[in-house]
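The residues making up each chain are set out below.
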Amino acid sequence: MEKLVITGGNALRGTLPISASKNAALPLMAAAILGPGTCRLGRIPQLRDITTFSHVLRIAGAEVSREGDGLLIDASRINFPEAPYELVKKMRASFYMLGALLGRCGRARVSLPGGCAWGPRPVNLHIDGMKALGATIDLEEGYVVASAPNGRLHGGTIVLQPSSVGATVNLLLAASTARGGSRIENAAIEPDVVVFCEMLQAMGARLHGTGTRTIEIEGVPLLRPATFANCPDRIELGTFMIAAAIAGIPEKPVTLTGARADHLGQDFMGAFLRTGARFEIADDKILIIPPEVLTPVSIVTAIYPGFPTDLQAQWTVLLACCEGTATVTDQVYGDRFNHIPELARMGIEVRVNGNTVTVAGGTKLKGARVMSTDLRASVSLVLAAMVAEGTTHVGRIYHLDRGYERLEDKLSTCGIDIRREAYDEFAAPEVPA
Ligand code: EPZ
């Protein structure tokens, strides 16, 4: 097991590179299954989730290898249309294999994702959508067993309620090679989904309305391999903007490079500016100028272009660094607060009431031994440790490694006292002599 050991108080300064997007990379990898031949994907980050999904693709018959900053995926032989529980339980986006395998092979046996660190994350929209495209669906021993009549799905109309990133991706994977036209209403418009649609189009899919709430698809029998480059990670960008606001110094602004500021949506950028922090955008560089004193700003998460739920834990730490009280409300996942008890151990004055957290800023955070519970919770503990007095040990950082590439290298290059250490989680605590 590994942990990060962080001693707080150092200023964050210098340049932080933004890695490629995890949540766009995964759909791009799934799309590669739809066409026999080799896809060349550029800018695929080195993350646990990418490694896990590469194994999922290999089990189906693809050959996946690293090339430069990306992946080569040879999907000439997809001869085992299955995604096993052992891998799907580690990374729920493996459920994209339902649409990819139905779209390529006309059948699929994919494990249901099961629970998540913060409670139920249903897949009813995925299942109902596949049925609307003609798939027969059975549930056998925790697996979704799906097949298309005569080996190919037919077009259909699907209305997503609520709008869902995963369901939009999964249904586009299935509809792209269906016989006839399909329509997805209330589709997700996150940048990750738009980039995914651009790759499908590069592979020969016939889509109209990408980036809008209504996507029309004219199915084609097979897609062809493509060379395609991924986009930067908008959630890492937001995370680092918050890091610069709480740990940066006004006279030495932090520069974020390789970024797409337009991918974060107006709600986050507006809330960020209302704290008194400023930013200057020049091409793919963003200069972050923190204020002398942060103003607390309450936020409510929503689907894109709303405030991302994947940044609410990080925003909670920002509020702890402000003078005054404010709230974080998560309307997307009403129970995504496993980080709160860990942050409270560091001295954050925080109270959870339903899907709202109230944070009373102004208390000095103190280092402690804390435990990661999920990806974004993990990074919020790192942010808190950066500004806490003393040393913090953030355990179980396998959660963090799912979605942040070389985090300790990036932060230590920018002045933060942070190192990775192995530890035995079950070792008896040292008994004082
Ligand atoms: C994607 O998850 C992201 N994951 C999540 O990021 C992100 O938090 C989430 O979108 C919301 O933005 C990836 O892209 C791999 P949804 P996804 O389906 O697709 C409900 C991270 O930290 N819903 O858009 O699973 C659901 O309960 C991860 O990188 C149904 O009701 O999210 C939620 O309230 C965590 N039925 C809402 O839709 C369904 O069948 C949005 O979920 C599917 C979803």
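Refer to the preceding data block for the structure.
1. Looking at the overall build of the chain
Right, so step 1: For the chain, the count of helices and strands is 13 helices and 24 strands.
Right, so step 2: For the chain, the C-alpha radius of gyration of 22 Å lies close to 22 Å, the compact-globule estimate for 433 residues.
Right, so step 3: Across its three principal axes, the chain shows a C-alpha extent of roughly 70 × 50 × 45 Å.
Right, so step 4: By the burial criterion, 58% of the 433 residues in the chain qualify as buried.
Right, so step 5: Residue pairs in contact within the chain that sit at least 24 positions apart in sequence constitute 74% of those at least 6 positions apart.

2. Description of the side chain of Thr 239
Right, so step 1: Relative to the helices and strands, Thr 239 is located in helix α8 (residues 234-247).
Right, so step 2: You can call Thr 239 buried: its relative accessible area is 1%.
Right, so step 3: Polar side-chain contacts of Thr 239 include one of 3.1 Å to the side chain of Gln 314.
Right, so step 4: For Thr 239, the residues in contact, after removing those within four places along its chain, are Leu 311, Gln 314, Val 379, Leu 383 and Tyr 404.

3. Structural notes on the pairing of strand β20 (residues 349-353)
Right, so step 1: Here β20 runs beside strand β21 (residues 356-360); their pairing, made up of five bridges, is antiparallel. Paired with Glu 349 across the two strands is Ala 360, which belongs to β21.
Right, so step 2: Where β20 folds back on β21, the antiparallel hairpin that results is connected by two residues, among which Gly 354 adopts a positive phi of roughly 65°.

4. Quick notes on helix α2 (residues 48-60)
Right, so step 1: Here α2 spans 19 Å end to end across 13 residues, near enough to the 18 Å set by a 1.5 Å rise per residue.
Right, so step 2: For α2, every residue scored as buried is listed here: Asp 49, Ile 50, Thr 52, Phe 53, Ser 54, Val 56, Leu 57 and Ala 60.
Right, so step 3: For α2, the secondary structure elements touched by its buried residues are α1 (22-31), β4 (63-67), β5 (70-74), β6 (82-83), α3 (85-88) and α4 (97-105).
Right, so step 4: Just beyond α2, the residue with positive phi is Gly 61, at close to 120°.

5. Re empty space enclosed by the protein
Right, so step 1: Summed over the entire model, instances satisfying the criterion amount to one cavity of 30 Å³ or more.
Right, so step 2: Split into classes, the residues belonging to the lining of the largest cavity amount to four nonpolar, two polar and three charged.

6. Some points on the sheet that holds β4
Right, so step 1: The four strands lie next to each other as β4-β5-β3-β14, forming an open sheet whose pairing is mixed. Lying at the two open borders of the sheet, with one neighbouring strand each, are β4 and β14 (227-229). Taking each pair of neighbouring strands and ignoring which way they run, the sheet shows an average axis angle of 20°.
Right, so step 2: Pairing of β4 with β5, which is carried by five bridges, proceeds in the antiparallel orientation. When the bridges of β5 are listed, Ser 65 appears paired with Leu 72.
Right, so step 3: Lying on the sheet, helix α7 (residues 191-202) is in contact with β3 (38-42) and β14; it crosses β14 at an angle near 165°.

7. Describing the pattern of salt bridges
Right, so step 1: Throughout the structure, instances matching the rule amount to 20 salt bridges.
Right, so step 2: A salt bridge links Glu 425 to Arg 396; its shortest N-O distance comes to 2.5 Å. Of this pair, Glu 425 sits in the segment after β24 (417-422) while Arg 396 sits in the loop between β23 (391-395) and α13 (407-413), placing them 29 residues apart in sequence.
Right, so step 3: With a relative accessible area of 22%, Glu 425 lands in the partly exposed category.
Right, so step 4: Through salt bridges with shared partners, one network takes in Glu 2, Asp 401, Glu 408 and Arg 420.

8. Focus: the site of the ligand
Right, so step 1: In the vicinity of the ligand lie 23 residues, with Asn 124, Ser 164, Gly 166, Asp 310 and Val 332 positioned nearest.
Right, so step 2: With respect to the ligand, the backbone of Gly 166 contributes an N or O atom lying 2.7 Å from an oxygen atom.
Right, so step 3: Measuring from an oxygen atom of the ligand, one finds a side-chain N or O atom of Arg 376 at 2.8 Å.
Right, so step 4: Expressed as a share of its isolated accessible area of 820 Å², the protein-covered part of the ligand is 86%.
Right, so step 5: For the shell around the ligand, the elements supplying multiple residues, two or more each, are α1, α5 (124-132), α6 (165-175) and α12 (375-387).
Right, so step 6: Element by element, the count of residues in the shell around the ligand is highest for α5, at three residues.
Right, so step 7: Residue composition of the shell around the ligand, by class: ten nonpolar, seven polar and six charged.

9. As for the sheet that holds β21
Right, so step 1: Strand order in this open sheet of four strands is β18-β19-β21-β20, and the pairing throughout is mixed. Each edge of the open sheet carries a strand with a single partner, namely β18 (299-300) and β20.
Right, so step 2: Alignment of β18 against strand β19 (residues 325-329), held across two bridges, turns out to be parallel. Across the sheet, Val 300 pairs through a bridge with Thr 329, a residue of β19.
Right, so step 3: Along the sheet, helix α10 (residues 312-320) contacts β18, β19 and β21; its crossing angle with β19, the most-contacted strand, is approximately 175°.

10. Here's the deal with the packing of α1 against α7
Right, so step 1: It is the contact of α1 with α7, at a shortest axis distance of 9 Å, that shows an interaxial angle of 25°. Looking at the two axes, α1 sits roughly parallel to α7. Judged by the sense of rotation from one axis to the other, the crossing of α1 with α7 is right-handed. Along the contact surface, α1 presents Asn 23, Ala 24, Pro 27, Leu 28 and Ala 31, while α7 presents Asp 192, Val 195, Phe 196, Met 199 and Leu 200.

11. Looking at the nonpolar core
Right, so step 1: Phe 53, Met 97 and Leu 98 are the most contacted members of the largest nonpolar core, which totals 79 residues.
Right, so step 2: Look past the residues within four positions of Phe 53 in its chain and what remains in contact with it is Leu 26, Met 29, Ala 30, Met 91, Ala 93, Ser 94, Tyr 96 and Met 97.

12. Things to note about the packing of α6 against α7
Angle between the axes and distance between the axes are the two parameters that describe a pair of packed helices.
Right, so step 1: Between α6 and α7, whose axes approach to 11 Å, the crossing angle comes to 5°. Our classification of the angle between α6 and α7 gives roughly parallel. Counted together, Val 165, Thr 168, Val 169, Leu 172 and Leu 173 of α6 and Val 193, Phe 196, Cys 197 and Leu 200 of α7 form the full contact between these two elements.
Right, so step 2: A breakdown of the residues in the contact of α6 with α7 according to their chemical character gives eight nonpolar, one polar and no charged.

Cut-off values and rules
Residues numbered from 1 in each chain as written. Predicted model: local features only at pLDDT ≥ 70, side-chain atom pairs only at ≥ 80, totals over all residues. Heavy atoms only, no water. Helix = DSSP H or I, 4+ residues; strand = E, 2+ residues; numbered from the N terminus. Rg over C-alpha atoms; globule rule 2.2 N^0.38 Å. Buried < 20%, exposed > 50% of the residue type's maximum accessible area, 1.4 Å probe, protein only. Contact = heavy atoms within 4.5 Å. Polar contact = N/O pair within 3.5 Å; in protein donor to acceptor, adjacent residues only side chain to side chain. Pairing = 2+ DSSP bridges. Expected span 1.5 Å × (residues − 1). 1 Å grid on protein atoms, 1.4 Å probe; cavity = no way out; pocket = protein on both sides within 12 Å on 5 of 7 lines; lining within 4 Å. Points joined across faces, edges and corners; volume = space filled by probe spheres on them. Nonpolar A, V, L, I, M, F, W, Y, C, P; charged D, E, K, R; others polar. Axes fitted to C-alpha atoms, helices over the stretch in contact; angles between N-to-C directions. Salt bridge = Lys/Arg side-chain N within 4 Å of Asp/Glu carboxyl O. Near = heavy atom within 4 Å. Areas by Shrake-Rupley, 256 points an atom, 1.4 Å probe, with all protein chains shown as cover. Parallel < 35°, antiparallel > 145°, perpendicular 65-115°, else oblique. Left-handed = near helix turned anticlockwise from the far one by under 90°. Core = buried A, V, L, I, M, F, W, Y, C linked by side-chain atoms within 4.5 Å.

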